[in-house]
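Chain by chain, the residues run as shown.
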Amino acid sequence: MTDTQSLPEGYEISADTARIDVDSVHRWLSTDAYWATGRSREKQERAIAGSLNFGVYDGTSGEQVAYARVVTDEATFAWLCDVYVAPSVRGKGLGTALVAAVRDHLEPLGLRRILLATADAHGVYEKLGFKVLERPDQWMALMLQ
């Protein structure tokens, strides 16, 4: 693991959904994430329940400081989404470490691909092996909302 993928001292990552601070995650995403602004608490709870969830926690206080979730069949495909780092801890490499941990957690599943969408964090994901789609013309989306 390179330095950009190492979790800074004093933090821990967990994939235990029971540890997710749903209040914080909902507040972060519904008020500060361009892709989820206005998302209802009920919708966030359903998203958490139907996904693999990852949190970064302060090792001393136990406070959650970052979040990511993955929608997957655990066999062929995964979608990495809702990656968020609290403003108070940004710039410490927590987001990169979180995404690396997610990637490493999924690796043994033998997935064909992990997709994500980002408007502004391409550099973070490129460090971890993500690339822009070579053939975006092969992908389609059905937009329901």
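Parameters at a glance
Residues numbered from 1 in each chain as written. Predicted model: local features only at pLDDT ≥ 70, side-chain atom pairs only at ≥ 80, totals over all residues. Heavy atoms only, no water. Helix = DSSP H or I, 4+ residues; strand = E, 2+ residues; numbered from the N terminus. Buried < 20%, exposed > 50% of the residue type's maximum accessible area, 1.4 Å probe, protein only. Contact = heavy atoms within 4.5 Å. Pairing = 2+ DSSP bridges. Axes fitted to C-alpha atoms, helices over the stretch in contact; angles between N-to-C directions. Phe/Tyr/Trp six-rings, centres within 6.5 Å; stacked < 30°, edge-to-face > 60°.

**Focus on the environment of L106**
The topology assignment puts L106 in helix 3 (residues 94–106). For L106, a relative accessible area of 2% corresponds to the buried category. Placed 86 residues apart in sequence, L106 and I20 show a C-alpha to C-alpha distance of 19 Å. Not counting residues up to four positions away in its chain, the partners in contact with L106 are L52, V70, A78, L111 and I114.

**Description of the sheet that holds strand 2 (residues 52–58)**
As summarised here, the arrangement of the five strands in space is 1-2-3-4-5, forming an open sheet in which the pairing is mixed. Edge positions in the sheet fall to strand 1 (11–14) and strand 5 (113–115), since each has one partner strand and no second. Taking each pair of neighbouring strands and ignoring which way they run, the sheet shows an average axis angle of 20°. Of the pairings in the sheet, the one linking strand 2 to strand 3 (residues 64–72) comprises six bridges and is antiparallel in character. Looking at the pairing, N53 lines up with R69 of strand 3.

**Thoughts on the environment of A33**
Mapping A33 onto the fold places it in the loop between helix 1 (22–32) and helix 2 (41–49). Among the residues examined, A33 registers a relative accessible area of 1% and is labelled buried. As a C-alpha pair, A33 and Q145 span 112 residues in sequence and 17 Å in three-dimensional space. Apart from residues lying up to four places away in sequence, A33 is in contact with W28 and Y84.

**Some words on the packing of aromatic side chains**
Tallied over the entire structure, the rule returns three aromatic pairs. Ring geometry for W28 versus Y84: centroids 5.3 Å apart, planes at 20°, classification stacked. Taken as a pair, W28 in helix 1 and Y84 in strand 4 (residues 77–85) lie far apart in primary sequence, 56 residues in all. A residue is classified by how much of its surface remains accessible, and Y84, at 5% relative accessible area, is buried.

**Considering helix 1**
Inspection of helix 1 places S24, V25, H26, W28, L29 and S30 among the buried residues, and these make up the whole buried set. Looking at the buried positions of helix 1, the neighbouring elements they touch are helix 2, strand 3 and strand 4.

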